[in-house]
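This is what each chain is made of:
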Amino acid sequence: MSSRTNFKWRAVDIAVCSVIGVASSFVFWMADFIPHDGLQAIFPGLGSLFDGLWLFAGPLAAVIIRKPGSSIYAQLLASLLEGMMGNVYGGALTLLGGFIQGVGAEAVFAAFAYRHWNVWITMLAGGFSGLFYRIISFLTDLQAFSFLGFYAISYTVATVISGALIAGIGAWWLYRAIARTGALDRFASGRAIRKKIK
Amino acid sequence: MKNPAAILFKGWGYKRPLRKDYVVRGLNLEIRQGERVLLLGSSGIGKSTLLCAIAGVLGNNEAYLSSSSQREDEDGGLTEGDLLVEGLHPQQARGRCALMMQDPEAQMVLQRVGDNVAFGLENLGIERGEIWRRVRQSLERVGLGELELSRSTSHLSGGQKQRVALAGAIAMQPSILLLDEPTANLDPKGAREVSRACHEILKKDPATVILVEHRADDWLDILGRVIILGRDPEGLVEVVADGAPDEIFSDPSIDFDSLGVWIPSKFALAKLQRKRLEDQIKAKAESDSDPNFKASSTPHLRDKGSGKDLIAPAVKFAKKREFSKGQIVVEARGLSIGYEGRSIADDVSFAFESGKITILAGENGAGKSTLAMTVSGLMPAVRGEVRVSPALASGLKGSPFSWTSRQLCKRIAYVFQNPEHQFVRNTVLEEVMVGFLETGSRKEEARDLAYSLLKRFDLDRYSSANPYTLSGGEKRRLTVASSLASSPEVLILDEPTFGQDRSTWLEIVMLMRSVADSGVAVIAVTHDRELIEFLSDRVLTIGPGEKCDIRVKGAEERKEKAKPSSLSPLLSRLNPAIRFLCAFLLSIPMFLSLDPLSAGVALVLEFLFMEGCGISLRRALKHVWPIFAMAPWTFLAVVIYGKKGSVTYFEWGMIHVTNKSLYLAFATFLRVLAIAVPAVLLVLGIDSTDLADAASQILHLPERFVYGGLAGIRLFTVLSDDWLQIGQARRSRGLGDRKKVVRFFTQSFSLLVLSIRRSTSLSTAMEARGFGGGEKRSWARISRTSYRDWVALSICALIPASALLLAFYCGTFALGGK
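Residues numbered from 1 in each chain as written. Chains lettered and ligands numbered in written order. Predicted model: local features only at pLDDT ≥ 70, side-chain atom pairs only at ≥ 80, totals over all residues.

## As for the overall build of chain A
Okay, step 1: Within chain A one finds eight helices and zero strands.
Okay, step 2: Helices and strands in chain A line up, N terminus first, as α-α-α-α-α-α-α-α.
Okay, step 3: Judged by the C-alpha coordinates and their principal axes, chain A covers about 50 × 30 × 25 Å.
Okay, step 4: Within the span of chain A, comprising 198 residues, buried residues form 66% of the whole.
Okay, step 5: Sequence separation of at least 24 residues holds for 71% of the intrachain contacts in chain A that already meet a minimum separation of 6. (Helix = DSSP H or I, 4+ residues; strand = E, 2+ residues; numbered from the N terminus. Buried ≥ 20, exposed ≤ 12 C-beta atoms within 10 Å, placed from the backbone. Contact = placed C-beta atoms within 7 Å.)

## As for the packing of helix 4 (residues 128–141) of chain B against helix 5 (residues 158–171) of chain B
Residue and element names in this part refer to chain B.
Okay, step 1: As a packed pair, helix 4 and helix 5 sit with axes 9 Å apart at the nearest point and diverge in direction by 130°. By the angle class used here, helix 4 and helix 5 are oblique. Two packed elements cross with a definite hand, and for helix 4 against helix 5 that hand is right-handed. Taken together, the residues of helix 5 that come into contact with helix 4 (itself represented by R134, V135, S138, L139 and R141) are A167, I170 and A171.
Okay, step 2: In terms of residue class, the contact of helix 4 with helix 5 is built from five nonpolar, one polar and two charged. (Axes fitted to C-alpha atoms, helices over the stretch in contact; angles between N-to-C directions. Parallel < 35°, antiparallel > 145°, perpendicular 65-115°, else oblique. Left-handed = near helix turned anticlockwise from the far one by under 90°. Nonpolar A, V, L, I, M, F, W, Y, C, P; charged D, E, K, R; others polar.)

## As for the domain arrangement of chain B
Okay, step 1: Segmenting chain B into domains produces domain 1 (294–551) and domain 2 (569–686 + 788–810).
Okay, step 2: For domain 1 of chain B versus domain 2 of chain B, the separation of C-alpha centres amounts to 58 Å. (Domains from an automatic or database assignment.)

## Focus on unusual backbone geometry
Residues and elements named next belong to chain B.
Okay, step 1: The phi angle at E495 is positive, at roughly 45°, despite the residue not being glycine.
Okay, step 2: Considering the arrangement of structural elements, one finds E495 in the loop between strand 16 (490–494) and helix 18 (502–517).
Okay, step 3: The buried category is assigned to E495, around which 22 C-beta atoms lie within 10 Å.

## Quick look at the confidence of the model for chain B
Residues and elements named next belong to chain B.
Okay, step 1: Averaged over every residue, the pLDDT of chain B is 84; the share at 70 or more is 92%.
Okay, step 2: Averaged pLDDT values over the elements of chain B bottom out at 39 in helix 11 (residues 311–319) and peak at 95 in helix 28 (residues 787–810).
Okay, step 3: Within the model, pLDDT remains below 50 along residues 292–323, and this stretch shows 33 contacts once partners closer than five positions in the same chain are excluded.
Okay, step 4: Here the predicted complex carries an ipTM of 0.93, next to a pTM of 0.88. (pLDDT = per-residue confidence, 0-100.)

## Details of the confidence of the model for chain A
Okay, step 1: Mean pLDDT over chain A: 90, with 96% of residues reaching 70 or higher.
Okay, step 2: Taken element by element, the predicted model of chain A shows its lowest mean pLDDT in helix 8 (residues 188–197) of chain A (83) and its highest in helix 3 (residues 57–65) of chain A (97).

## Considering the sheet that holds strand 2 (residues 24–31) of chain B
Residue and element names in this part refer to chain B.
Okay, step 1: The four strands lie next to each other as 2-1-5-4, forming an open sheet whose pairing is antiparallel. One side of each edge strand has no neighbouring strand; the edge strands of this open sheet are strand 2 and strand 4 (70–72). Going from strand to strand, the sheet's axes swing by 35° on average, the running direction of each strand aside.
Okay, step 2: Where strand 1 (residues 7–15) lies against strand 5 (residues 78–85), seven bridges are found, and the strand directions are antiparallel. Considered in strand 5, the bridge of L8 is made with L84. (Pairing = 2+ DSSP bridges.)

## Points about helix 5 (residues 93–111) of chain A
All names here are of chain A.
Okay, step 1: An ideal rise of 1.5 Å per residue puts 27 Å on 19 residues; helix 5 measures up with 28 Å between its terminal C-alpha atoms.
Okay, step 2: With 14 of 19 residues buried, helix 5 lies mostly within the body of the structure.
Okay, step 3: Phi turns positive one or two residues past the end of helix 5, at A113, with a value near 60°. (Expected span 1.5 Å × (residues − 1).)

## Points about the nonpolar core
Residues and elements named next belong to chain B.
Okay, step 1: Membership of the largest hydrophobic core comes to 315 residues, with the highest contact counts inside it found for L178, A450 and I492.
Okay, step 2: Here the element with the most residues in this core is helix 24 (residues 659–683); it accounts for 17 residues.
Okay, step 3: Three or more residues apiece are contributed to this core by two domains, here domain 1 (294–551) and domain 2 (569–686 + 788–810).
Okay, step 4: Not counting chain neighbours up to four residues away, the residues in contact with L178 comprise L51, I54, A55, C97, A98, L99, M100 and I210. (Core = buried A, V, L, I, M, F, W, Y, C linked by C-beta atoms within 7 Å.)

## A short note on the pairing of strand 20 (residues 648–652) of chain B
Residues and elements named next belong to chain B.
Okay, step 1: Within strand 20, only zero of the five residues are buried, which leaves the element largely exposed.
Okay, step 2: Inspection of the sheet shows strand 20 paired to strand 21 (residues 655–658) by four bridges, in the antiparallel sense. Each residue of the ladder has a partner; that of E651, found in strand 21, is H656.
Okay, step 3: Linking strand 20 to strand 21, which pair antiparallel, is a turn of two residues; within it G653 sits at a positive phi near 60°.

## Thoughts on the interface of chain A and chain B
Okay, step 1: Taken together, the contact pairs 49 residues of chain A with 66 residues of chain B.
Okay, step 2: Elements supplying a minimum of two residues to the side of chain A that touches chain B: helix 1 (11–31), helix 2 (36–42), helix 4 (70–84), helix 7 (150–180) and helix 8 of chain A.
Okay, step 3: Of all the elements, helix 1 of chain A adds the most residues to the side of chain A that touches chain B, at 10 residues.
Okay, step 4: Tallied by class, the residues present in the side of chain A that touches chain B amount to 28 nonpolar, 14 polar and seven charged.

## A look at the pairing of strand 13 (residues 357–361) of chain B
In regular strands, side chains alternate between the two faces of the sheet.
Residues and elements named next belong to chain B.
Okay, step 1: Burial of strand 13 is extensive: five of the five residues sit out of reach of the surface.
Okay, step 2: Residues I357, I359 and A361 point to one face of strand 13 and T358 and L360 to the other, with burial holding for every one of them.
Okay, step 3: Note: strand 13 against strand 17 (residues 521–526), five bridges, orientation parallel. Considered in strand 17, the bridge of I359 is made with A524.
Okay, step 4: The pairing of strand 13 with strand 18 (residues 538–543) spans four bridges and is parallel. Counted as the bridge partner of A361 is T541 from strand 18.

## Brief notes about the environment of B:W219
Okay, step 1: Mapping B:W219 onto the fold places it in the loop between strand 8 (208–212) and strand 9 (225–231).
Okay, step 2: We classify B:W219 as buried; it has 22 C-beta atoms within 10 Å.

## Some remarks on the sheet that holds strand 3 (residues 36–40) of chain B
Remark on secondary structure: sheet strands pair via backbone hydrogen bonds, oriented parallel or antiparallel.
Residues and elements named next belong to chain B.
Okay, step 1: Across the sheet, which stays open at both edges, the six strands sit in the order 6-7-8-3-9-10 with mixed pairing between neighbours. Because the sheet does not close on itself, it has two edges, and the strands there are strand 6 (97–100) and strand 10 (237–243). If you compare each strand with its neighbour and ignore which way they point, the axes differ by 20° on average.
Okay, step 2: Bridge analysis of strand 3 against strand 9 gives four bridges, and the strand direction is parallel.

Structure follows, in structure tokens:
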């Protein structure tokens, strides 16, 4: 899109990225009430179809702010607050999960040099965010399952799909809907949508 | 004190992103050192843009420094010409200017009063002792010397908030003070407080001042120069009048009315202006009683195919009540109003009549909105019932609060103070169609009806525009239009003239008159003196005073207790960053081994540790029970899908229950608890401001992000109120009956958009306080660590270490679950 890219964060970038993180923390926190592990027991992967609900802050912030670090920052802030509200996934530990998820999404946007923004890349970022997190989780809290076993594979696949759908397509759709309200006119991302409408 | 400053515009212009036209173009203006300037002009002429430009917060930094004639900034705006502040580019002069804006809420950056005032000083890198000296001094100068520094800003009145913002501005000791409608969003009491505080400061301070204010009455004695902006025939902004106040306001050759300027009442010309206003409103009333008027604006509305007349339904809501003017539609006797079951006023009696305008007047916080919301069926009465006339009820029983959203919107509509709370669609046309669709019109019909209504409100040219992109006055008109679409018989408006210039003010007044003249009972909540004078058929005053028509109980003074930052008094004395580190130290090493022994021992030690910190097992469980509720499911998942062992007890498809899976499930169950329980208990209750201080000072995380995040967190305390209002607005518009899920998602989206808008304006307020510049920040608050922190860290390292060592010696240690 824009050939001129400024990687320096403005105050408005920080403020909007923060608010996306804060708002997402509520979604994360509410998603904590989904009986995730119960669904997993019914069928592996069933619970993780909702995993994208914990992954969308990073991709959403990135496609709006379009600065290096936006995925990590938003995902980190969202999970920090989610943890501080107290949840079943271990309060402070949520922060580490958030960091890994943020890195997963960030890696994809960085691979495209923060120059290309479309729904496919966003899906990829959502999926990667989930993949990164799942790999780490089978190395830590899910050590009781074999790494390449049926459970781990179906769990991971479901998380990646959910990440691509909810945190990818979902975040992209949400960004476009927000942009259409004119709330993002101070961002290149917002103007790209609104110019098309006019 | 620094030298007084000068501001110089040379052929300056700015175009906002995505706009066709420049806000301001070709402006030449010089403001000399120490001048006190009043800047006047209609809404949208670019007064705020000028102030933001001077303050160096317009667009992106680089644009100012580039030498090309037209510079695009990262906001997508275009700048041309030159602007020099004290001979410097505004960006470089940042810190010499302080900007105070209109919206008190948007200027509260941090949670506590003292921190808010200190914020700008930190950004300037002022030394700590000096920061707090200046904070106290400036709070005293704005008359808030009594206020505790730790008081939460969410519990301040609008006038107090605005004075906190002013204190934050003057604490920076700026040589230029920019005041953008500092009293526009305040009630008369708050406005008096703020203008008094400004007077006190300006009497002593030599700063150059530019004030933007629609009503200059209270400011004349401190002003030396008045500049009125207007548009030349080509639409460019130019200085129309420039001189001493006495000169300008006595000059009959200036067309104040079309410039949107109120003449201060002490001048002779003001009387003439008032007379003209009266005449205009009277003429409007007369033209409304002319039956040809209403239909005249919809001549094109004839369905081409069938030739069916579409005008009739469009104006039916206006016609059907003409015969019943002056009849009581809503009334109450002996009503108690309040919220959350607590009454704020008892024995409230009122009656509202069709075709009449009633004003509910009183100070902010007196209960006007509570009354209006109770009347409009958005809040329940505490005792008693709001009664409606049989004509209005048309078959419904009970009070408005008991009706469904759809039933309500056909009868009573509420127009919120902030139009953005009310928008539910992406285009202006759809916004108005909602009312027609909800009251049973088919899509095609609704579209035509909506279009005709928009035409009547002179908004048809924006029909495909996004509601959010309209100007303040247009937004207000749109909210009234969309409320009328469901043809209510009662229209309630909350502060309809807040912060409007004279032209928009008149527009709104005329609109209210004509709505009332069509037979609707109009109720306006306001403290606008002119509105009361020119428009009201009746005034109901609300307040604690003897003379008020509706007496409210005196508001009890809030006493602010410091919130404990942990369940444990011991933990609350630890540094927040250390508390996070403790949580990590306790939990992360446990991932080394998956065995029941290390996990079980760690869990027991952790509960003992918590007990030692003063958190009893019972209290701990009260906060972490969800973990205990989830862990059995994790257990089950491992039992049936976990690693397979040598002995299989049960097999079915992918499910294998084996000796190993049972063992691992047990170990996982204990380890989930051992990891999650302390990680929750240790960080529960941490104050976000303290955490931010610790993150920047102890952990050395990038400050701009830490404090940006902190400001974002504070914003969310405001948003719970927004959530409530958005919900009420939807009910009032007939959308409250949707499925819960749909309602939840649409309302969440509105809240998200609103919060992004709020954060955008917050970023401007932060920049105006020097945030985001390259300078090294200083810290107003120190984040300390003490021996306690080191003791806690050691304990938290020892617990998993001893548990794991024990497992190692007992032979149960299993690296990574192997």
